[in-house]
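Structure at a glance
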Amino acid sequence: MPFINFSKDEIQCKIVYYGAGFCGKTTNLQYIYGRTMEDIKGKMVSIDTKGDRTLFFDFLSLSLGKIRGFDIRVQLYTVPGQVHYDATRKLVLKGVDGVVFIADSLKVQRKKNIESLINLAKNLAEKGVSIRSIPLVIQYNKRDLDGTDSEILPMDILEKDLNSMLKVPSFSASALKGTGVFETLREISKLVVKDVSRKVMLMDKQQK
Amino acid sequence: MAHSVLLIDRSGQLIAHEGNTPELDIISLSALTAANFGATAEIARMLGEEEFTLLFHKGKCENVYFSAIGEHVIMVTLFDDKTSLGLIRLQINKIIDELSKILSSIFEKGRLKPSEPIRSS
């Protein structure tokens, strides 16, 4: 649910990074935080366990500049990936305006990616939101492992597993090295702002 | 008295802020408050309660009082150790009904669905 503040000419949107455990959601946010200028970002807040696993969420607020006189502020959240933290994922998804689904390219994680995407669809549906209508971008992370000892899935298999029905924009990435991180963020921000503008116009029409 | 008051929505978006706290990261505070409230609501449900409508955290110098206003909004009141909790509760109870009516009328007017924008002016 985007928040439009007319007294400050500001639009606030919520984007959630979703995906299975250890797929690189927090790493995405850490890379963004490390490479953004001080004046456009807030503090990065992480609630994690000692084992570097997200317990509740990570949070980062970014200012994306102006569109039609409105300052666009996006709030990036991650969710805990482990299966048993479903209640927490549902809490973080509250009021979400756009989702980045991070898929782990490792072959051993294939099943977990699919399970996590199904879990996302289920949790969104519980909030009355369809995975087919919400702004969504898929990121295939850990592509830097290509050519190493770790076996990773080819892009076409990942696309077939996760994006054959949804057909949303997808990016190959390495959150650790930064490849594809900002491309993903740019695309989801674009989709979210477009969606907010559409909803505002629709509401204006209905009120006339 | 309270030195800062925030109105936030349940998804963690800041709606309004009044007070003098330049050093405070109110955007992050809003996100954490919503999460805190959500987590506590789950505890309430486990105990057979619908939700806990107020939360209070006490520190050495700073205290925070969270109150639910209707189903969409949380009010966060920050106050120091020179102010008594009773006084804060009394003042909040005086305004909470009025605020609740104003906010309900805004939400009803917009007939908001979960994904529709909230407008504030």
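What this report covers is the structure whose coordinates are included nearby.

Calculation criteria
Residues numbered from 1 in each chain as written. Chains lettered and ligands numbered in written order. Predicted model: local features only at pLDDT ≥ 70, side-chain atom pairs only at ≥ 80, totals over all residues. Heavy atoms only, no water. Phe/Tyr/Trp six-rings, centres within 6.5 Å; stacked < 30°, edge-to-face > 60°. Helix = DSSP H or I, 4+ residues; strand = E, 2+ residues; numbered from the N terminus. Buried < 20%, exposed > 50% of the residue type's maximum accessible area, 1.4 Å probe, protein only. Core = buried A, V, L, I, M, F, W, Y, C linked by side-chain atoms within 4.5 Å. Contact = heavy atoms within 4.5 Å. Buried area = accessible area lost by both parts, 1.4 Å probe. Polar contact = N/O pair within 3.5 Å; in protein donor to acceptor, adjacent residues only side chain to side chain. Nonpolar A, V, L, I, M, F, W, Y, C, P; charged D, E, K, R; others polar. Patch = residues over 30% accessible without salt bridge, like charges linked within 9 Å, V, L, I, M, F, W, Y side chains within 5 Å. Areas by Shrake-Rupley, 256 points an atom, 1.4 Å probe, with all protein chains shown as cover. Salt bridge = Lys/Arg side-chain N within 4 Å of Asp/Glu carboxyl O. Expected span 1.5 Å × (residues − 1). Arc of directions from axis to C-beta.

**Details of the packing of aromatic side chains**
Residue and element names in this part refer to chain A. Applying the stated criterion to the full structure yields 7 aromatic pairs over all chains. For the ring pair Phe 6 and Phe 70, a centre distance of 5.7 Å and an interplane angle of 80° mean the geometry is edge-to-face. Residue Phe 6 is located in the loop between β1 (3–5) and β2 (10–18), and its partner Phe 70 is located in strand β5 (residues 70–78); the two are separated by 64 residues in the primary sequence. Given the relative accessible area of 34%, Phe 6 is considered partly exposed. Phe 70 sits in the buried class, given a relative accessible area of 18%. An aromatic cluster of at least three residues, connected via ring pairs, comprises Phe 56, Phe 57, Phe 59 and Tyr 77.

**Looking at the nonpolar core**
The nonpolar side chains of soluble globular proteins are, as a tendency, buried together. Of all hydrophobic cores here, the largest spans 45 residues; its most connected members are Val16(A), Tyr18(A), Phe101(A), Leu120(A), Leu124(A), Leu136(A) and Leu162(A). Looking at this core element by element, the count peaks at 7 residues for helix α1 (residues 26–46) of chain B. Beyond its immediate stretch of four places on either side in the chain, Phe101(A) contacts Tyr18(A), Gly19(A), Asn113(A), Ser116(A), Leu117(A), Leu120(A), Leu136(A), Val137(A), Ile138(A), Gln139(A) and Leu162(A). Within the second largest apolar cluster, 28 residues are counted, among which are Leu29(A), Leu60(A), Ile102(A) and Val192(A).

**Focus on the interface of chain A and chain B**
Each partner contributes to the interface: chain A provides 29 residues, whereas chain B provides 25 residues. Together chain A and chain B conceal approximately 2700 Å² of surface at their shared face, both sides included; 61% is due to carbon and sulfur atoms. When the buried area of chain A at its contact with chain B is split by residue, Met1(A), Phe3(A) and Met203(A) rank highest and sum to 27% of it. There are 3 residue pairs in polar contact (both at pLDDT 80 or more) connecting chain A and chain B. Counting residues per element, the ones that place at least two in the side of chain A that touches chain B are β1, β2, β3 (45–48), β4 (54–67), β5 and α5 (181–207) of chain A. Of the residues in the side of chain A that touches chain B, the class split is 15 nonpolar, 6 polar and 8 charged.

**Side note on a nonpolar patch on the surface**
Judged by side-chain polarity, Ile43(B), Met46(B) and Leu47(B) come together as a nonpolar surface patch covering roughly 380 Å² of accessible area. By the secondary structure assignment, Ile43(B) is in helix α1.

**Examining helix α3 (residues 110–126) of chain A**
Given 3.6 residues per helical turn, the α-helix brings residues three or four places apart onto the same face. Residue and element names in this part refer to chain A. Between its terminal C-alpha atoms α3 stretches 25 Å, which fits the 24 Å expected from 17 residues at 1.5 Å a residue. Residues of α3 that are buried: Asn 113, Ser 116, Leu 117, Asn 119, Leu 120, Asn 123 and Leu 124. Seen end-on, α3 carries its buried residues on one side only, within an arc spanning 160°. Among the exposed residues of α3, those oriented more than 90 degrees off its buried face are Lys 111 and Ile 118. The inward-facing, buried residues of α3 contact β2, α2 (86–93), β6 (98–104), β7 (136–141) and α4 (155–163). Gly 128 sits one or two positions beyond α3 and adopts a positive phi of about 80°.

**Brief notes about the pattern of salt bridges**
Counted under the stated rule, the structure contains 16 salt bridges over all chains. Across the salt bridge formed by Lys90(A) and Glu126(A), the nearest N and O atoms sit 3.3 Å from each other. With Lys90(A) in helix α2 and Glu126(A) in helix α3, this residue pair connects regions lying 36 residues apart in the sequence. The exposure class of Lys90(A) is partly exposed, given its relative accessible area of 26%. Across the pair Glu42(B) and Arg45(B) runs a salt bridge, and its minimum N-O distance is 3.0 Å. Pair noted here: Glu42(B) and Arg45(B) are both in helix α1, with a separation of 3 residues, about one helical turn.

Honestly, that's just the spatial picture; any functional story needs more than this.
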